[in-house]
Amino acid sequence: MQLETYISDLLYRYECVTVPEFGSFLTQRVSATIDETSNAFFPPKKILSFNEQIQKNDGLLAHYIADVEQISFEAANKKIAKRVDVLKANLTQGETLNFKNIGTLVFNSEDKIMFEPSYQVNYLTDAFGLSQFVSPSVARETYKEQVEAVENVIPLTITAEKRKNRPYFKYAAVAVIALTLGGYFASNMYINQVEEHNQIAQQEATQQLENKIQQATFSLNPLPVANLKVTKQTGKYHIVAGAFRVEDNCDAKIAELKALGFSARKIGVNRFGLHEVVYASYEDRLEALRALRTIKKEHNKEAWLDVRVLD
């Protein structure tokens, strides 16, 4: 039994997943962060931790395994207990337990379980599609400092005596003002000419269109009836591609998956108020599990299986 796979599936939806008589995996949401030294931006995420003291069976893990494997609740608990005995034996022998996409567990010198999260998977569904990126730093004072350095070496000053000896500065200023005003009036005249030309062209195009409409003949022969065969998806085993807070984002995801050949659709809102999009739904549990393994391997390693009957 791949116990870590079931734990990973539940960590997307719950803040605490307890393995009876072993311990609990906990999640805590953290906001987006910025590393000022490297200019790296990190999206919001769930950080993982492990508490060896929380071992009481709350039934969450057993119920999920029972639904997925189509076995009784008691049988699921027995499978968990058997797996826990093996895990404890391996820890006692000094082995390091590696839970894929979750982290590693090992005994320390005081025979306490030490947990190191892997951070390979972001279990925060609100951050679906977001990734880390690095932005170059913005140097706002560079040019100002360069100008100040030049002014300190070569002062730019014009004394009254120099102004008297250079009367052409006054005429240059007058010339600049004249050119500016001339450019302004010329620009306005050009803009008015362009607007007049566009208006005439639009009127001509409208008249040509009306003439074509009056000369056109329309055939109103009835069109042949199109018979479309629509297959309705059924089944309680749903392979979830993502859950979205904003419903409009579902349509973009569905279009993307359909372009890849999947029978994507929305299956409604889950208990957390998120709109879920699925690759497909299945009647048969084994068929759904085989499809899930293929999707995780070839398309999306963060896909998970949702077992519920739709209204």
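Details of the structure are given in the entry above.
Residues numbered from 1 in each chain as written. Predicted model: local features only at pLDDT ≥ 70, side-chain atom pairs only at ≥ 80, totals over all residues. Heavy atoms only, no water.

Describe the overall build of the protein, and please don't skip the residues or the numbers.
Looking only at helices and strands, one finds 8 helices and 13 strands in the protein. Sorting the 311 residues of the protein into buried and exposed places 30% on the buried side. In the protein, 62% of the contacts between residues at least 6 apart in sequence involve partners at least 24 apart. Per element, the accessible surface of the protein, about 21900 Å² overall, is 54% carbon and sulfur. (Helix = DSSP H or I, 4+ residues; strand = E, 2+ residues; numbered from the N terminus. Buried < 20%, exposed > 50% of the residue type's maximum accessible area, 1.4 Å probe, protein only. Contact = heavy atoms within 4.5 Å. Areas by Shrake-Rupley, 256 points an atom, 1.4 Å probe, with all protein chains shown as cover.)

So, the pairing of strand 8 (residues 113-117): which residues are in play, and what are the values?
Burial along strand 8 is one-sided: the face carrying Ile113, Phe115 and Pro117 is buried and the face carrying Met114 and Glu116 is not. Strand direction decides the pairing type here: strand 7 (residues 103-107) and strand 8, joined by 5 bridges, are antiparallel. Paired with Leu105 across the two strands is Phe115, which belongs to strand 8. In this antiparallel pair of consecutive strands, strand 7 and strand 8, the connection spans 5 residues, and Asp111 shows a positive phi of 60°. (Pairing = 2+ DSSP bridges.)

Describe in detail the sheet that holds strand 13 (residues 304-307), supporting the description with residues and values.
Strand order in the open sheet made by the 4 strands is 11-12-10-13, with antiparallel pairing throughout. Whereas interior strands pair on both sides, the edge strands pair on one side only; in this sheet they are strand 11 (265-269) and strand 13. On average, each strand axis in the sheet is tilted by 50° relative to the strand beside it, whichever way the strands run. As judged from the 7 bridges shared by strand 10 (residues 237-244) and strand 12 (residues 275-282), these two strands associate in the antiparallel manner. Within strand 12, the residue paired with Ala243 across the bridge is Glu276. (Axes fitted to C-alpha atoms, helices over the stretch in contact; angles between N-to-C directions.)

I'd love a proper account of the side chain of His275, names of residues and values included.
Tracing the chain through its elements places His275 in strand 12. The contact partners of His275, leaving out residues within four places of it in the chain, are Gly242, Ala243, Phe244, Arg245, Val246, Glu247, Cys250, Gly268 and Val269.

Could you give an account of the pattern of salt bridges, naming the residues involved and the relevant values?
Within this structure, the stated rule accounts for 7 salt bridges. Among the salt bridges present, the one from Lys266 reaches Asp251, with a minimum N-O distance of 3.7 Å. Remark: Asp251 occurs in helix 7 (residues 248-259) and Lys266 occurs in strand 11; sequence separation between them is 15 residues. A relative accessible area of 42% means that Asp251 is categorised as partly exposed. Salt bridges here are not isolated pairs; linked through shared partners, they connect Glu247, Asp251 and Lys266. (Salt bridge = Lys/Arg side-chain N within 4 Å of Asp/Glu carboxyl O.)

Tell me what's going on with the sheet that holds strand 5 (residues 45-51), and back it up with residues and numbers.
If you trace the 3 strands from one edge of the open sheet to the other, you get 1-2-5, paired in antiparallel fashion. Edge strands, defined here as strands with exactly one partner in the open sheet, are strand 1 (16-19) and strand 5. Going across the sheet, the axis of each strand differs from the next one's by a mean of 20°, ignoring polarity. Pairing analysis gives 7 bridges linking strand 2 (residues 23-30) to strand 5, with the strands arranged antiparallel. In the strand pairing of strand 5, Val30 is matched with Lys45.

Pulling in residues and values, what's your account of unusual backbone geometry?
Positive phi outside glycine occurs at Asn101, with the angle close to 65°. In this structure, Asn101 sits in the loop between strand 6 (97-99) and strand 7. Non-glycine residue Asp111 carries a positive phi angle of around 60°. Along the chain, the position of Asp111 falls in the loop between strand 7 and strand 8.

How would you summarise the nonpolar core if you had to cite specific residues and measurements?
In terms of nonpolar packing, the biggest core is built from 59 residues, with Ile7, Phe22, Phe25 and Leu305 touching the most fellow members. Counting residues per element, this core draws most heavily on helix 2 (residues 60-69), which supplies 7 residues. (Core = buried A, V, L, I, M, F, W, Y, C linked by side-chain atoms within 4.5 Å.)

Help me get a handle on the layout of surface pockets, residues and values and all.
Taken as a whole, the largest pocket holds about 630 Å³ of empty space. Lining the largest pocket are 24 residues, and of these Gln2, Thr5, Leu292, Arg293 and Lys296 lie nearest its centre. For the lining of the largest pocket, the secondary structure elements donating two or more residues are helix 1 (3-11), helix 2 and helix 8 (285-298). Residues of the lining of the largest pocket, tallied by class, amount to 10 nonpolar, 5 polar and 9 charged. Here the second largest pocket is characterised by a volume of approximately 310 Å³. Of all the secondary structure elements, the ones that give two or more residues to the lining of the second largest pocket are helix 2 and strand 13. In terms of residue count, the dominant contributor to the lining of the second largest pocket is helix 2 (4 residues). Classifying every residue of the lining of the second largest pocket by side-chain character gives 6 nonpolar, 3 polar and 6 charged. (1 Å grid on protein atoms, 1.4 Å probe; cavity = no way out; pocket = protein on both sides within 12 Å on 5 of 7 lines; lining within 4 Å. Points joined across faces, edges and corners; volume = space filled by probe spheres on them. Nonpolar A, V, L, I, M, F, W, Y, C, P; charged D, E, K, R; others polar.)

Geometric descriptors of this kind do not, in isolation, establish any biological role.
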